[in-house]
Amino acid sequence: MRISSRNLPPVVGIGALILALMTPLAAATNWDELTPFGAERKGNSAGTIPEWDGGIRVPVPGYVGPGSLHADPFAGDEPLYSVSSSNSAQHNEVLTEGLRALLTRYPESFRVPVYPSRRSHSAPDWVYENTRLNDDRGTLAADGNGVSGAYGGIPFPTPDSALEVYWNHVARWRGQYIESRSADANVYADGKASLITRETQVKFHFYQKDGSADTLQNRLFSLMSKVTAPPRFARTAVLIQEPLNQDVEDRQAWIYDSGRRRVLRAPLLAFDMGPNDADGLRTADDTDMINGSPSRFDWTLVGKQELLIPYNNYRLEVGDEAELLKAGHLNPERTRFELHRVWVIEATLKPEFRHVYARRVFYIDEDSWSVVMADQYDKSGELSRVSIAYLKNFYELPGTLPAAYVFHDLASGRYSVQGLAVGDSEAETLKPAPNDGHFNSAGLGRFVQ
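Analysis parameters
Residues numbered from 1 in each chain as written. Predicted model: local features only at pLDDT ≥ 70, side-chain atom pairs only at ≥ 80, totals over all residues. Heavy atoms only, no water. Helix = DSSP H or I, 4+ residues; strand = E, 2+ residues; numbered from the N terminus. Buried < 20%, exposed > 50% of the residue type's maximum accessible area, 1.4 Å probe, protein only. Contact = heavy atoms within 4.5 Å. Areas by Shrake-Rupley, 256 points an atom, 1.4 Å probe, with all protein chains shown as cover. Lys, Arg positive; Asp, Glu negative; His and termini not counted. Charge placed at Lys NZ, Arg CZ, Asp CG, Glu CD. Polar contact = N/O pair within 3.5 Å; in protein donor to acceptor, adjacent residues only side chain to side chain. 1 Å grid on protein atoms, 1.4 Å probe; cavity = no way out; pocket = protein on both sides within 12 Å on 5 of 7 lines; lining within 4 Å. Points joined across faces, edges and corners; volume = space filled by probe spheres on them. Nonpolar A, V, L, I, M, F, W, Y, C, P; charged D, E, K, R; others polar. pLDDT = per-residue confidence, 0-100. Core = buried A, V, L, I, M, F, W, Y, C linked by side-chain atoms within 4.5 Å. Salt bridge = Lys/Arg side-chain N within 4 Å of Asp/Glu carboxyl O. Pairing = 2+ DSSP bridges.

A. Seen up close, the overall build of the protein chain. Along the protein chain, the regular secondary structure elements total six helices and 19 strands. Dimensions of the protein chain along its principal axes, counting C-alpha atoms only, are 70 × 55 × 50 Å. By the burial criterion, 57% of the 449 residues in the protein chain qualify as buried. Contacts in the protein chain between residues far apart in sequence, at least 24 positions, make up 64% of those at least 6 positions apart. Total accessible area computed for the protein chain in this model is approximately 18,800 Å², and 53% of it derives from carbon and sulfur atoms. For the protein chain, the separation between the mean place of its 46 positive charges and that of its 57 negative charges on side chains is 5 Å.

Given below as structure tokens:
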């Protein structure tokens, strides 16, 4: 276990200080009982969550190569049961408040189809090795606003604070470089949808295989994204350089102004700023469920729970958008939920800051460290939005990423979807990453042209 000030008990006087120094800070991590990412290896006592057996490590039959849609490794599974508004009380203990709210909001159409639990998550061995080393070398910044010492793996595989869990999500394994062409959709209460297509490139500096904590230069990732359709948004683009320790420097961001054909700095592309193409349905820090500096909130570690979460959602890519995007929510016939253990953390807005969310609850898959669901509460304390990341294993990588994100606005009945596969193409996770100089303001101008 790493040694840092968060492990030390409060001391009063020299005697207490000497006693503290003589007391072991923590027992050594027993990795035999954990997965390489720090999750509990064993299943649950009821047998409804299986033991982790290594997950999916290689592509499954039917997969034709990088950039193609993923064949479903569990296509033969049948639902165990389905949770609806009529029987939700029987399953209340395994439902998040957000899922209960969706069942109440859409009693005739929304349901949670529950399948056998498949702990399919996996990652490369070198990421596992770095994760184990990070258990000793990773530390939080003094106020929790960043990470130091860790690289190339999960920063805090055996966390004991909410902010360590938070940074495990933000710095989780998603590959070294992702290039994608995807579709977003804003879906209105009547089921009509406006589609936006975009091209995105993301380089995860934190996961450069031959790097080190010293060579990261405080860069977590670099991202460039441009809208390609519809015409009114086309050639809109953004560049983000995300720091690993946000006490050292703030996020750097630029936008491409298509009217003036210029790259401009965007100092406020963070927190609850609303992206122009999201129709007010999500904030900048809703992207990837939660991102950026955690400094505006107080964080509480609630603990672990067994909950129904979206997992192994390969069927989201079968069929067209019109059949998937229904009024109020995705077509339940295309979704899959399973019982898994999750970490639960809660964020409460500090009184000196403003944000559209006064409180947020995040549910993090223990195997992959992905935030898989989030409940967001407004200033009156009402649950106003529910966010869901529909996970699956990109087994060519391998790694667990969302097949799509969905952001529900309960009051209006609208929702926003991010990251849908376009046609027969999937995000490309195995291309060589461009050099760091590609991700600068000049590079953004070239990317748009």
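That shown, we press on.
B. How the structure looks around helix α6 (residues 441–448). Three or more residues of α6 are buried, namely Gly 443, Leu 444, Gly 445, Phe 447 and Val 448. Its side-chain oxygen 3.3 Å from the backbone nitrogen of Ala 442, Asn 440 forms the N-cap of α6.

C. Quick look at unusual backbone geometry. Each neighbour pair has its own omega, and for Ala 229 with Pro 230 the value is 5°, a cis peptide bond. Tracing the backbone shows Pro 230 in the loop between β7 (219–229) and β8 (237–243). Following Leu 397, the chain continues into Pro 398 via a peptide bond in cis, with omega recorded as -15°. Although it is not a glycine, Met 289 sits at a positive phi angle of roughly 75°. With respect to the helices and strands, the residue Met 289 is situated in the loop between β10 (262–265) and β11 (297–310). Classification of Met 289 by relative accessible area gives buried; the value is 0%. Its identity as a non-glycine residue notwithstanding, Trp 369 has a phi of 70°, on the positive side. Positionally, Trp 369 belongs in the loop between β15 (359–365) and β16 (371–377). Residue classification places Trp 369 among the buried positions, given a relative accessible area of 0%.

D. Expanded view of the layout of surface pockets. The computed volume of the second largest pocket comes to approximately 410 Å³. As for the second largest pocket, its lining consists of 22 residues, of which Asp 250, Pro 267, Ala 270, Phe 271 and Arg 296 are closest to the centre. When grouped by side-chain class, the residues that make up the lining of the second largest pocket number nine nonpolar, seven polar and six charged.

E. Here's a closer look at the confidence of the model for the protein chain. For the protein chain, per-residue confidence averages 92 on the pLDDT scale, and residues scoring 70 or more make up 94% of the total. Segment residues 1–25: pLDDT under 50, and 28 contacts once partners within four positions in sequence are set aside and those in other chains are kept.

F. Structural context of the environment of Thr 197. On the secondary structure map, Thr 197 appears in strand β6 (residues 193–203). Thr 197 sits twelve residues away from Ala 185 along the chain, and the two C-alpha atoms are 8.7 Å apart. Residues in contact with Thr 197, not counting those within four places in the same chain, are Ser 182, Ala 183, Lys 226, Val 227, Thr 228 and Ala 229. Within the structure, Thr 197 has its side chain in polar contact with the side chain of Thr 228 (distance 2.7 Å).

G. A look at the environment of Arg 198. Mapped onto the elements, Arg 198 comes out in strand β6. Considered as a pair, Arg 198 and Pro 159 are 39 residues apart in the sequence and their alpha carbons are 36 Å apart. Those residues in contact with Arg 198 that lie beyond four places of it in its chain are Ser 180, Arg 181, Ser 182, Asp 184, Ser 225, Lys 226, Val 227, Thr 228 and Asp 277. Engagement of the side chain of Arg 198 in a polar contact is seen with the side chain of Asp 184, the distance being 2.8 Å.

H. Focus on the nonpolar core. Formed by 100 residues in total, the largest nonpolar core has its most connected members in Leu 99, Phe 206, Trp 299, Leu 325, Leu 330, Phe 362 and Val 417. The element that contributes the greatest number of residues to this core is strand β14 (residues 337–349), accounting for eight residues. Leave out the neighbours within four places in its chain, and Val 417 touches Ala 183, Asp 184, Ala 185, Leu 325, Leu 330, Ala 404, Tyr 405 and Val 406. Judged by nonpolar contacts, the second largest core, of ten residues, contains Met 224, Leu 239, Tyr 256 and Leu 444.

I. How the structure looks around the pattern of salt bridges. Taken as a whole, this structure holds 30 salt bridges when the rule is applied. Residues Asp 277 and Arg 198 are paired through a salt bridge, measuring 2.4 Å at the closest nitrogen-oxygen approach. With Asp 277 in the loop between β10 and β11 and Arg 198 in strand β6, the pair connects residues that are 79 residues apart, well separated along the chain. With a relative accessible area of 13%, Asp 277 lands in the buried category. Among the ionic pairs, Asp 257 bridges to Arg 260, the shortest N-O distance being 3.1 Å. Taking the relative accessible area as the measure of exposure, Arg 260 reaches 51% and is therefore exposed. Through salt bridges with shared partners, one network takes in Glu 40, Arg 119, Lys 304, Arg 341, Glu 366 and Asp 367.

J. Local environment of the pairing of β7. Most of β7 sits out of view: eight of its eleven residues are buried. Here seven bridges tie β6 to β7, and the two strands are oriented antiparallel to one another. What sits directly across from Lys 203, in β7, is Ser 222. In this structure, β7 lies alongside β8, joined through seven bridges in antiparallel fashion. Directly across from Leu 223, in β8, lies its bridge partner Ile 240.

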